[in-house]
Amino acid sequence: MLNQFTSHAVLRDGVRLHTRVGGEGPPMLLLHGHPQSMAMWHRVAPALARHFTVVLMDLRGYGDSARPAPDAAHHVHSKREMALDAVAVMAAHGFERFSVLAHDRGARVAHRLAADHPQVVRQLMLLDIAPTLAMYEQTSEAFARAYWHWFFLIQPPPLPEALIESDPARYVRSVMGSRHAGLAAFDPVALAEYERCASLPGTAASVCEDYRASASIDLEHDRADIAAGRRLMQPLRVLWGEHGTVARCFDVLALWRERAANVSGHSLPCGHYIAEEAPGQLIDEALSFFSSHPEEHP
């Protein structure tokens, strides 16, 4: 999928990052969620590429990017490291300042990217998340039941890895098929791509480490931001699915207004996978938001 976008590999600190680039205009980075890859943007990226230079990136541990070995502190899979990946990818493609559209895990990377590197992020749109720290601190029974994988994946190795590796396709279908729209929302080619990538060696370990980092070192970084009074200053738009767990369990706008100075947003009539359930509405939202703060580009 996305074959109209040119494939590239960017190496950062020994980690190979898979990217695709296409379009023309101001640069925009697209970051995917779990348990997916850049293929999740297949209904959105072509339309955006008519207005922006779109850079798609597989997060480390996902898609066709490398699976670095875990470390005891989960540093290697921290959102801080993944944010540095994003900076390196965009610099390799010639962009030192850019906009970000991100979903799910990618949106958590985007939050850290905007916090750690405010000079590179013009504006960002985050899809169907509340801040990670708030979601853990405000966990309810309803949230824990719906987002069971948040608590399963952070268990010590090797149990979660072994269960995923026993049938990676079943894991993908179990996570994605249990949401509002079920598996019917996904193009069969895209779903096959998610299953292929989940079956690659090292994926289970990287996926677990991504979540272990979010429940440990990432929270330390978030708490340090709050203690220092640091907030996102870039224009931030948050969108969430009105039928999703995030909408049911959290006050999304209120929580983001605690972490950012310039926030707007609302729900869309869909579930968690906005880019695949409501692509037309997302395209309209993105074109409106990312064009509302024009900036000159060579």
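Residues numbered from 1 in each chain as written. Predicted model: local features only at pLDDT ≥ 70, side-chain atom pairs only at ≥ 80, totals over all residues. Heavy atoms only, no water.

Draft legend 1. How the structure looks around the overall build of the protein. Along the protein, the regular secondary structure elements total 15 helices and eight strands. Relative to its length of 298 residues, the protein is compact, with a C-alpha radius of gyration of 17 Å against a globular reference of 19 Å. If you line up the protein on its principal axes, its C-alpha atoms span 50 × 40 × 40 Å. Put simply, the protein has 298 residues, and 58% of those count as buried. In the protein, once contacts between residues fewer than 6 apart in sequence are set aside, the share between residues at least 24 apart is 77%. For the protein, the accessible area works out to roughly 11,400 Å², and carbon and sulfur atoms hold 53% of it. (Helix = DSSP H or I, 4+ residues; strand = E, 2+ residues; numbered from the N terminus. Rg over C-alpha atoms; globule rule 2.2 N^0.38 Å. Buried < 20%, exposed > 50% of the residue type's maximum accessible area, 1.4 Å probe, protein only. Contact = heavy atoms within 4.5 Å. Areas by Shrake-Rupley, 256 points an atom, 1.4 Å probe, with all protein chains shown as cover.)

Draft legend 2. The arrangement of the pairing of strand 6 (residues 121-127) in detail. Across the seven residues that make up strand 6, a large majority, seven, are buried. Judged from the five bridges that link them, strand 5 (residues 98-103) and strand 6 form a sheet pairing that is parallel. Bridge pairing links His 103 to Leu 127 in strand 6. Crossover connection from strand 5 via helix 3 (residues 104-116) to parallel strand 6: handedness right-handed. (Pairing = 2+ DSSP bridges. Right-handed = clockwise from strand over helix to strand, strands pointing away.)

Draft legend 3. Representation of unusual backbone geometry in the model. Of the consecutive residues His 34 and Pro 35, the connecting peptide bond is found in the cis state with omega at -5°. With respect to the element layout, Pro 35 can be found in the loop between strand 3 (27-31) and helix 1 (45-48). Here Asp 13, not a glycine, exhibits a phi torsion of approximately 50°, which is positive. Note on placement: Asp 13 falls in the loop between strand 1 (6-12) and strand 2 (15-23). Residue class for Asp 13 comes out exposed when judged on its relative accessible area of 67%. In this model, Asp 104 sits at a positive phi of 55°, which is unusual for a non-glycine residue.

Draft legend 4. Structural detail: the sheet that holds strand 8 (residues 263-268). Pairing in this open sheet of eight strands is mixed, and the strands run 1-2-4-3-5-6-7-8 from one edge to the other. At either end of the open sheet lies a strand with only one pairing partner, and these are strand 1 and strand 8. Between one strand and the next, the sheet's axes are offset by a mean angle of 20°, whatever the strand orientation. Packed onto the sheet, helix 2 (residues 79-92) meets strand 1, strand 2, strand 3, strand 4 (53-57) and strand 5 and runs at close to 125° relative to strand 1. Running at roughly 155° to strand 6, helix 15 (residues 279-290) makes contact with strand 3, strand 5, strand 6, strand 7 (236-241) and strand 8 of the sheet. (Axes fitted to C-alpha atoms, helices over the stretch in contact; angles between N-to-C directions.)

Draft legend 5. Summary view of the pattern of salt bridges. Tallied over the entire structure, the rule returns 20 salt bridges. Here Asp 225 and Arg 112 are joined by a salt bridge, their closest N and O atoms 2.9 Å apart. You can see Asp 225 sitting in helix 11 (residues 217-227) and its partner Arg 112 sitting in helix 3, a full 113 residues away along the chain. Judged by its relative accessible area of 4%, Asp 225 is buried. (Salt bridge = Lys/Arg side-chain N within 4 Å of Asp/Glu carboxyl O.)

Draft legend 6. Structural context of helix 8 (residues 168-177). What helix 8 keeps buried is the set Pro 168, Tyr 171, Val 172, Val 175 and Met 176. Considered in projection along helix 8, the buried side chains sweep an arc of 110° and stay on one side of the axis. On its buried side, helix 8 packs onto helix 6 (148-152), helix 7 (159-166), helix 9 (188-198) and helix 10 (203-214). (Arc of directions from axis to C-beta.)

Draft legend 7. How the structure looks around the packing of helix 7 against helix 10. Between helix 7 and helix 10, the least distance of the axes is 9 Å, while the angle of their chain directions is 135°. Considered as vectors, helix 7 and helix 10 are oriented oblique to each other. Every pair of crossing elements has a handedness; the one defined by helix 7 and helix 10 is right-handed. Contacts from Pro 160, Glu 161, Ile 164 and Glu 165 of helix 7 reach helix 10 at Ala 204, Ala 205, Cys 208 and Arg 212. Here the contact of helix 7 with helix 10 is built from residues that sort into five nonpolar, no polar and three charged. (Parallel < 35°, antiparallel > 145°, perpendicular 65-115°, else oblique. Left-handed = near helix turned anticlockwise from the far one by under 90°. Nonpolar A, V, L, I, M, F, W, Y, C, P; charged D, E, K, R; others polar.)

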